[in-house]
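Residue strings, one per chain:
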Amino acid sequence: MQLFAFGINHNTAPLDVREQVTFPENTMELALRDLVGRNPIKEAAIVSTCNRTEVYCCTDKPEDAMAWLADFHHLPTRELDPYLYKFPREHAVKHAFRVASGLDSMVLGEPQILGQLKSAVKSAEHAGTLGLLLHKLFQRTFYVAKEVRTSTEIGTSSVSMAAAAARLAERIFGDISEQRVLFIGAGEMIELCANHFAARNPKKITVANRTTERAEALAERFNAQAITLSELPEQLALHDIVVTCTASPLPILGKGMVERAIKIRKHRPIFIVDLAVPRDVESEVAELDDVFLYYVDDLAEIVKEGLDSRQNAVAQAETIIDSNVVDFMRWLATREMVPTIRALRDQGERYRRHELERAHKLLEKGEDPKKVIEALSNGLTNKFLHVPSSILNHAAADEREELVELINRLYQLHRPQ
């Protein structure tokens, strides 16, 4: 069994591929149990965000794990394989550290990924698929991410997806204070977006969500109106800016609904940012006149602003990560020796018990205790040294020197000069 990580992200796969292999929160534990239950995989954790789907596992058949990802989502393996990155052993460790530190994100240094990784670990714990190896990996991952953020300025001047959405709206409308903003969803990303838009004092804010309780809780914070998703057909035309990010597996805004809204607005432009994966807005909506539709990948250039000024921080972060990869692999190497060490100790324990039982029998017969102790010590010595002595005596000429060096090292022997 070896540590292995694989997946796709915004660098290797387009949005229309990424949205086909996402794992909604309510299916995560089922997926983990299916992965471990049906394959030669001992441990597993899945990270699923708008920009990445990754599997971390402990297996001796990585190809089975990768085939499972395609099969679980009813995709031919050949269609998914060109987009997959694959990281064995120390490469998997380094990748995990870089992801948690925000070095592999679309938004360099963004902090949200750390929370998403922690959620992935909790799901694996609940599913019973997080074992010693992955537990240790992620604990070290969180430690490294904290060290990177504390010791470097990786997050300085970063432009979040939420901030990018607000900036893009300003480029289109100029002054947002005259616009009406509609948020669809009530999760973390929508909350972040609401903070950025609310700071620009829009004319009106509305929050639409499947459950009114969450919508009302968010709306109360921003002096906004709360509505349900069923009210969207009537409410959409009343808003100039729409930001959507839900966990819906199907689009919420279709071409027909948006087209009707544009007619009601008498072709006044409407700006839509869809940060969801899978997408909340049908791709055909982009064909409509007077609609400015942007998906998560379209914001890539904006979030790269300030990247050049942080290259020194990136170099510092990479140094921290490389050092911790070495430490983790040293720990892993030690763990891999545990079965051999345990077997060696078990054999030594068998020798001890055998000689001890023999000594007890001799004492019960009235034998001299001093002679019994002497026999016990001789018996143990002979048993421990019989195998290495026999191997040395029967070693072939080409392996004898290597064996002698190994024996000297194991027993800390000093050859006579």
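Being a predicted model, the structure only gives us computed values, none of them experimental.

**Details of unusual backbone geometry**
A negative phi angle characterises most non-glycine residues, just as the trans form characterises most peptide bonds.
Turning to step 1, where the next piece is worked out: Omega for the peptide link from Val277 to Pro278 comes to 5 degrees, which places this bond in the cis form.
Turning to step 2, where the next piece is worked out: Its location among the elements puts Pro278 in the loop between β9 (270–274) and β10 (291–295).
Turning to step 3, where the next piece is worked out: Non-glycine residue Arg89 carries a positive phi angle of around 45 degrees.
Turning to step 4, where the next piece is worked out: Relative to the elements of secondary structure, Arg89 occurs in helix α5 (residues 89–100).

**Comments concerning the UniProt feature "binding site: substrate" (unreviewed entry) in the chain**
Turning to step 1, where the next piece is worked out: Following the UniProt record, the feature "binding site: substrate" (unreviewed entry) maps to Thr49, Cys50, Asn51, Arg52, Ser105, Glu110, Pro111, Gln112 and Gln116 here.
Turning to step 2, where the next piece is worked out: The topology assignment puts Thr49 in the loop between β2 (41–48) and β3 (52–59).
Turning to step 3, where the next piece is worked out: Residues within four places of Thr49 in sequence aside, it is in contact with Ile113 and Gln116.
Turning to step 4, where the next piece is worked out: For Thr49, the side chain forms a polar contact with the main-chain nitrogen of Asn51, separated by 3.2 Å.
Turning to step 5, where the next piece is worked out: Positionally, Gln112 belongs in helix α6 (residues 112–127).
Turning to step 6, where the next piece is worked out: Excluding anything up to four places from it in sequence, Gln112 contacts Glu188 and Leu192.

**As for helix α12 (residues 255–264)**
Note: α-helices contain 3.6 residues per turn, so residues at a spacing of three or four share the same orientation.
Turning to step 1, where the next piece is worked out: When α12 is considered as a whole, its buried residues turn out to be Met257, Val258, Ala261 and Ile262. When α12 is viewed along its axis, its buried side chains cluster within an angular range of 135 degrees and face the same direction. Among the exposed residues of α12, those oriented more than 90 degrees off its buried face are Arg260, Lys263 and Ile264.
Turning to step 2, where the next piece is worked out: Contact partners of the buried residues in α12: α11 (232–235), β9 and β10.
Turning to step 3, where the next piece is worked out: With its phi angle positive at about 55 degrees, Lys266 sits one or two positions after the end of α12.

**Notes on the packing of helix α15 (residues 338–364) against helix α16 (residues 369–393)**
Turning to step 1, where the next piece is worked out: Contact geometry of α15 with α16 gives a least axis separation of 10 Å together with a crossing angle of 155 degrees. Here α15 is positioned roughly antiparallel relative to α16, judged by the angle of their axes. With respect to the hand of their crossing, α15 and α16 are arranged in right-handed fashion. Residues Gly348, Tyr351, Arg352, His354, Glu355, Leu356, Arg358, Ala359, Leu362 and Leu363 of α15 form the contact with α16, whose own contacting residues are Pro369, Val372, Ala375, Leu376, Gly379, Leu380, Lys383 and Phe384.
Turning to step 2, where the next piece is worked out: Looking at side-chain class alone, the contact of α15 with α16 contains 11 nonpolar, three polar and four charged residues.

**Focus on the packing of helix α8 (residues 161–173) against helix α9 (residues 188–198)**
When two helices pack together, you describe them by how their axes are tilted relative to each other and by the distance separating the axes.
Turning to step 1, where the next piece is worked out: One can describe the packing of α8 onto α9 by two numbers: an axis separation of 8 Å at closest approach and a directional angle of 45 degrees. Classed by the angle they form, the pair α8 and α9 counts as oblique. At the point where α8 passes α9, the crossing takes the right-handed sense. Residue-level inspection shows Met161, Ala162, Ala163, Ala165, Ala166 and Ala169 of α8 in contact with α9, the latter providing Met189, Leu192, Cys193, His196 and Phe197.
Turning to step 2, where the next piece is worked out: Classifying every residue of the contact of α8 with α9 by side-chain character gives 10 nonpolar, one polar and no charged.

**Describing helix α2 (residues 28–38)**
Turning to step 1, where the next piece is worked out: When we look at burial in α2, the residues that qualify are Met28, Ala31, Leu32, Asp34 and Leu35. On an axial view of α2, the arc spanned by its buried residues comes to 165 degrees, and they lie on one face. Exposed positions of α2 whose direction lies more than 90 degrees from the buried face are Leu30, Gly37 and Arg38.
Turning to step 2, where the next piece is worked out: At its buried positions, α2 is contacted by β2, β3, α3 (62–72) and α6.

**Some words on the pattern of salt bridges**
Turning to step 1, where the next piece is worked out: Inspection of the entire model under this criterion finds 21 salt bridges.
Turning to step 2, where the next piece is worked out: The salt bridge partner of Glu191 is Arg221, with a shortest N-O separation of 2.3 Å. Of the two residues, Glu191 sits in helix α9 while Arg221 sits in helix α10 (residues 212–221), which places them 30 residues apart along the sequence.
Turning to step 3, where the next piece is worked out: Among the residues examined, Glu191 registers a relative accessible area of 29% and is labelled partly exposed.
Turning to step 4, where the next piece is worked out: Residue Glu349 is joined to Arg353 by a salt bridge in which the shortest nitrogen-to-oxygen separation is 2.9 Å. Of this pair, Glu349 and Arg353 both sit in helix α15, four residues apart, which is roughly one turn of that helix.
Turning to step 5, where the next piece is worked out: Judged by its relative accessible area of 27%, Glu349 falls in the partly exposed class.
Turning to step 6, where the next piece is worked out: A single salt-bridge network, built from bridges that share partners, covers Arg52, Glu54, Arg98, Asp104 and Glu318.

**Overview of the sheet that holds strand β8 (residues 241–244)**
In any sheet, the strands associate via hydrogen bonds between backbone groups, in a parallel or an antiparallel arrangement.
Turning to step 1, where the next piece is worked out: With parallel pairing, the six strands of this open sheet are ordered in space as β7-β6-β5-β8-β9-β10. Lying at the two open borders of the sheet, with one neighbouring strand each, are β7 (225–228) and β10. In this sheet, neighbouring strand axes are inclined to one another by 15 degrees on average, regardless of whether the strands run parallel or antiparallel.
Turning to step 2, where the next piece is worked out: With four bridges connecting them, β8 and β9 associate as parallel partners. Opposite Thr244, over in β9, you have Asp274 as the bridge partner.
Turning to step 3, where the next piece is worked out: Its contacts with the sheet place α8 against β8, β9 and β10, and it is angled at close to 160 degrees to β9.

**Examining the environment of Ser390**
Turning to step 1, where the next piece is worked out: As for its placement among the helices and strands, Ser390 is situated in helix α16.
Turning to step 2, where the next piece is worked out: Ser390 sits in the partly exposed class, given a relative accessible area of 26%.
Turning to step 3, where the next piece is worked out: Spatially, the C-alpha atoms of Ser390 and Lys136 are 40 Å apart, while their sequence positions differ by 254 residues.

Basis of the calculations
- Residues numbered from 1 in each chain as written.
- Predicted model: local features only at pLDDT ≥ 70, side-chain atom pairs only at ≥ 80, totals over all residues.
- Heavy atoms only, no water.
- Helix = DSSP H or I, 4+ residues; strand = E, 2+ residues; numbered from the N terminus.
- UniProt positions renumbered as here; feature names shortened; annotations may be inferred.
- Contact = heavy atoms within 4.5 Å.
- Polar contact = N/O pair within 3.5 Å; in protein donor to acceptor, adjacent residues only side chain to side chain.
- Buried < 20%, exposed > 50% of the residue type's maximum accessible area, 1.4 Å probe, protein only.
- Arc of directions from axis to C-beta.
- Axes fitted to C-alpha atoms, helices over the stretch in contact; angles between N-to-C directions.
- Parallel < 35°, antiparallel > 145°, perpendicular 65-115°, else oblique.
- Left-handed = near helix turned anticlockwise from the far one by under 90°.
- Nonpolar A, V, L, I, M, F, W, Y, C, P; charged D, E, K, R; others polar.
- Salt bridge = Lys/Arg side-chain N within 4 Å of Asp/Glu carboxyl O.
- Pairing = 2+ DSSP bridges.

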